[in-house]
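Structural description and commentary
One letter stands for each residue in the lines below.
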Amino acid sequence: MIVVLDHNVRPEDKRAIVTFLEDKGFRIREIQGEEETILGAVGIIPIDMREVELLAGVARVIPITKPYKLASREFKKTDTTIPVGPVKIGGPRIAVIAGPCAVESREQIKEIAALVRDSGAVILRGGAYKPRTSPYAFQGLGEKGLKYLKEAGEANGMPVISEIVTPEHAGMFAEYADILQIGARNMQNFELLKTIGALHKPVLLKRGPAATIQDLLMSAEYLLAHGTETVMLCERGIRTFETYTRNTLDISAIPVVKKLSHLPILVDPSHGTGIRAKVLPMALAAVAAGADGLIVEVHTNPEHALSDGPQSLYPEQFEKLMRDIQALTPVLNKELARLPEERPQPPSRPASAAAAAAVAAERGTIKAAFQGEPGAFSENALARYFPERTQSIPLREFRDVFEAVLTGKSHYGIIPIENTLTGSIHQNYDLLLQYPDVRIVGEQTIRIIHNLITLPEAELGDIMRVYSHPQGLSQCARYLDGYPQWEKIPFYDTAGSIAHIAREGKKENAGIASLDAARVHKMKVLKEGIETDSRNYTRFVIIAREELARAESRRGRPNKASLVFSTSNTPGSLFQALQVLAERKINMVKLESRPIAGKPWEEMFYVDVDIPPEATVFRTALEQLSACTETLRTLGLYSV
Ligand code: PEP
Ligand code: MN
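Read on for an overview of the structure. (Residues numbered from 1 in each chain as written. Chains lettered and ligands numbered in written order. Predicted model: local features only at pLDDT ≥ 70, side-chain atom pairs only at ≥ 80, totals over all residues. Heavy atoms only, no water.)

Observations concerning the overall build of the protein
- When its secondary structure is counted, the protein shows 22 helices and 30 strands.
- Taking 640 residues into account, the globule formula puts the C-alpha radius of gyration at 26 Å, and the protein, at 28 Å, falls close to it.
- Principal axes of the C-alpha set define a box for the protein whose edges measure 85 × 65 × 55 Å.
- In the protein, buried positions account for 51% of the 640 residues.
- Partitioning the contacts of the protein with sequence separation of at least 6, the portion at a separation of at least 24 is 72%.
- Entry remark: accessible area of the protein is about 28,900 Å², with carbon and sulfur atoms responsible for 53%.
- In the protein, 76 positive and 78 negative side-chain charges are present, and the distance between their average locations comes to 2 Å. (Helix = DSSP H or I, 4+ residues; strand = E, 2+ residues; numbered from the N terminus. Rg over C-alpha atoms; globule rule 2.2 N^0.38 Å. Buried < 20%, exposed > 50% of the residue type's maximum accessible area, 1.4 Å probe, protein only. Contact = heavy atoms within 4.5 Å. Areas by Shrake-Rupley, 256 points an atom, 1.4 Å probe, with all protein chains shown as cover. Lys, Arg positive; Asp, Glu negative; His and termini not counted. Charge placed at Lys NZ, Arg CZ, Asp CG, Glu CD.)

Encoded structure:
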């Protein structure tokens, strides 16, 4: 049962409640929610719940109706996130685990680790003890395999996961693996579950080939009941009458598990299909269905792999998979989990003040400025770009963001640069040109979802006025047309309009803004998603002072450049400039022309390009471009 405590419960009352329940034989887990403290009392013990309800400090008691308790959503409403080294799994992220089915040699795992890391995997997989159907098949390298796996992980700054098949290996695995995998065949090996639960290490529990979702959650319950709190589930396909694929990947299990449990669920499309060519579509389907991550088999030489070659992706296929997932993330309002750019290196002193700032920023004191009020879309984009440890600084104007970055009040800033419905935000392009010491260092795209927000007690019939940024109002025109009697009042900021209605406290006022803005100001969302066109995305760019930008581009390999140039007013001058790019096969991803202020009918061009891997090709292209244009400015070289 769940015991919700009073807001201001006295410590002595809380202790008395815990003692009362423990004396009855319950095990107690405490959860500190955002707004309330909850005690989970687990045990199959007959008790009259009214006895508990009457104790001092108890607000209410809710029975857990499911046979699994600690794993249930009833027990914990919010999604569980599981930290594994520098990575977090669960919540608004998609974490991808990749590597070979089995560790075959030191060289093999090292090579694959570097490749999958480059493509964006955050955790390295590799089996050392392989549960094979045939006793004559390769059984794994054993402890040596675990050693090689750990070495390869350390060389690339990646946590590692490997399958444990017997409780006897618990000590060994605790030493080598960051996540212990319980294989499908062992999902109901209860002695194994008990031993591993007691290790308090992250666990990936795979669904048995003949297990129901409830069986899976009951096995998770074993792990949780024995101590660990960090359990991830994994859908890897079940046995059905279908024989074309190795298993039938149960995609519908993902939303079902999400409803029943707070635990993250990953999907293994490799074992789920057994066929290399089916891995990519099923991986995308899993991500679209809400999976918190994937575990994918990748091999450099699958034809000669010692196990599961036919279902292992070539590294290039894995790279494409990662790019496709990246493209899906804005639709899902999620972000790919990322490792820090830099691979681990022996500690050394930072070479310059800029590098020192970069290090300070990385160590947990990232300050980032945005325009708008708390809850603004910019702040949401910022949180997505820096998922952890960012102090966000709300400022009134875009120019203030540039000033904060330039003066060092803030390490980074974020500004919107382009919207799919309304086009480029020229004011920010102008500011980028005006502040030559501020550069673009990254980008973040988010989907813009508008909501009608009111005071908690207001209803639709109360509304007389709607406040929002002019863009917010125009992007919701169709919905607002349905209420011609409402007065539409432009406001300087979407989230600011919610702050305004909160301050005024009038039931007849409504605002249009993000869910975050409603949450920040404790307002009610009367109607979600009222934008006319749901394909409403805004691309933000992250800006930093030039020295920090340079330090960053030295650390990560920039793969995108934003340029602005103007050409002479002569025939073919734009053609000439673009030819410089075309001849070097430099891919252009944006081209837009814009009148130059004060020079009627003369144009400048915004150009974004992909930077090719060979740095010299791009450098000479820039030199030539500079020669054949009148002005050329690099707004930023950054990696996306
Ligand atoms: C594996 O991940 O290598 C594996 C054996 O998976 P499963 O237990 O899902 O078959
Ligand atoms: Mn395998």
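Re the coordination of the manganese ion (ligand 2)
- The protein atoms donating to the manganese ion (ligand 2) are Cys 101 (SG), His 271 (NE2), Glu 297 (OE) and Asp 308 (OD), with metal-donor distances spanning 2.0 to 2.4 Å.
- Mapped onto the polypeptide sequence, the residues donating to the manganese ion (ligand 2) form the spacing pattern C-x169-H-x25-E-x10-D. Placement of the pair is Cys 101 in the loop between β7 (93-99) and α3 (106-119) and Glu 297 in strand β14 (residues 293-297), with a sequence separation of 196 residues.
- Cys 101 gets classed as buried once you look at its relative accessible area, which sits at 3%. (Donors = N, O, S within 2.8 Å, 3.2 Å for Na, K, Ca; no water.)

A few points about the site of ligand 1
- As a structural note, the neighbourhood of ligand 1 is formed by Cys 101, Arg 125, Lys 130, Glu 163, Gln 181, Gly 183, Ala 184, Arg 185, Lys 206, Arg 236, His 271 and Glu 297.
- Interatomic distance of 2.9 Å between a side-chain N/O atom of Gln 181 and an oxygen atom of ligand 1.
- Burial of ligand 1 by the surrounding chains reaches 98%, relative to a free accessible area of 290 Å².
- Among the residues forming the shell around ligand 1, the class breakdown is two nonpolar, three polar and seven charged. (Near = heavy atom within 4 Å. Polar contact = N/O pair within 3.5 Å; in protein donor to acceptor, adjacent residues only side chain to side chain. Nonpolar A, V, L, I, M, F, W, Y, C, P; charged D, E, K, R; others polar.)

Re the nonpolar core
- Core analysis: the largest hydrophobic core is formed by 88 residues, its most contacted members being Leu 233 and Phe 318.
- With six residues, helix α7 (residues 213-225) is the largest single contributor of residues to this core.
- If sequence neighbours within four positions are ignored, Phe 318 has contacts with Val 96, Ala 98, Val 116, Ser 119, Ala 121, Val 296, Val 298 and Leu 313.
- Tyr 385, Tyr 467, Ile 501 and Ala 518 belong to the second largest nonpolar core, which has 32 residues in total. (Core = buried A, V, L, I, M, F, W, Y, C linked by side-chain atoms within 4.5 Å.)

Concerning the layout of surface pockets
- Volume-wise, the second largest pocket comes out at about 530 Å³.
- In this structure, the second largest pocket is lined by 23 residues; those nearest its centre are Gln 371, Phe 398, Pro 416, His 469 and Gln 471.
- Elements supplying a minimum of two residues to the lining of the second largest pocket: α13 (377-385), β18 (412-419), α16 (470-475) and β26 (537-545).
- Ranked by the residues each element gives to the lining of the second largest pocket, the list is headed by α16, at three residues.
- Its residues assigned to classes, the lining of the second largest pocket comprises eight nonpolar, 12 polar and three charged. (1 Å grid on protein atoms, 1.4 Å probe; cavity = no way out; pocket = protein on both sides within 12 Å on 5 of 7 lines; lining within 4 Å. Points joined across faces, edges and corners; volume = space filled by probe spheres on them.)

Focus on the sheet that holds strand β29 (residues 599-610)
- Spatial ordering of the open sheet is given by β28-β29-β27-β30, a layout of four strands whose pairing is antiparallel. Either end of the sheet is taken by a strand with one partner, and the two such strands are β28 (588-596) and β30 (631-638). Strand-to-strand, the axes of this sheet are offset by a mean angle of 15 degrees, without reference to chain direction.
- With seven bridges connecting them, strand β27 (residues 560-566) and β29 associate as antiparallel partners. Each bridged residue has a counterpart across the sheet, and for Val 564 the counterpart in β29 is Tyr 606.
- The strands that helix α15 (residues 426-434) touches are β27, β28, β29 and β30; relative to β30, the one it contacts most, it runs at about 100 degrees.
- Its contacts with the sheet put helix α22 (residues 615-628) on β27, β29 and β30, and the angle it makes with β30 is roughly 155 degrees. (Pairing = 2+ DSSP bridges. Axes fitted to C-alpha atoms, helices over the stretch in contact; angles between N-to-C directions.)

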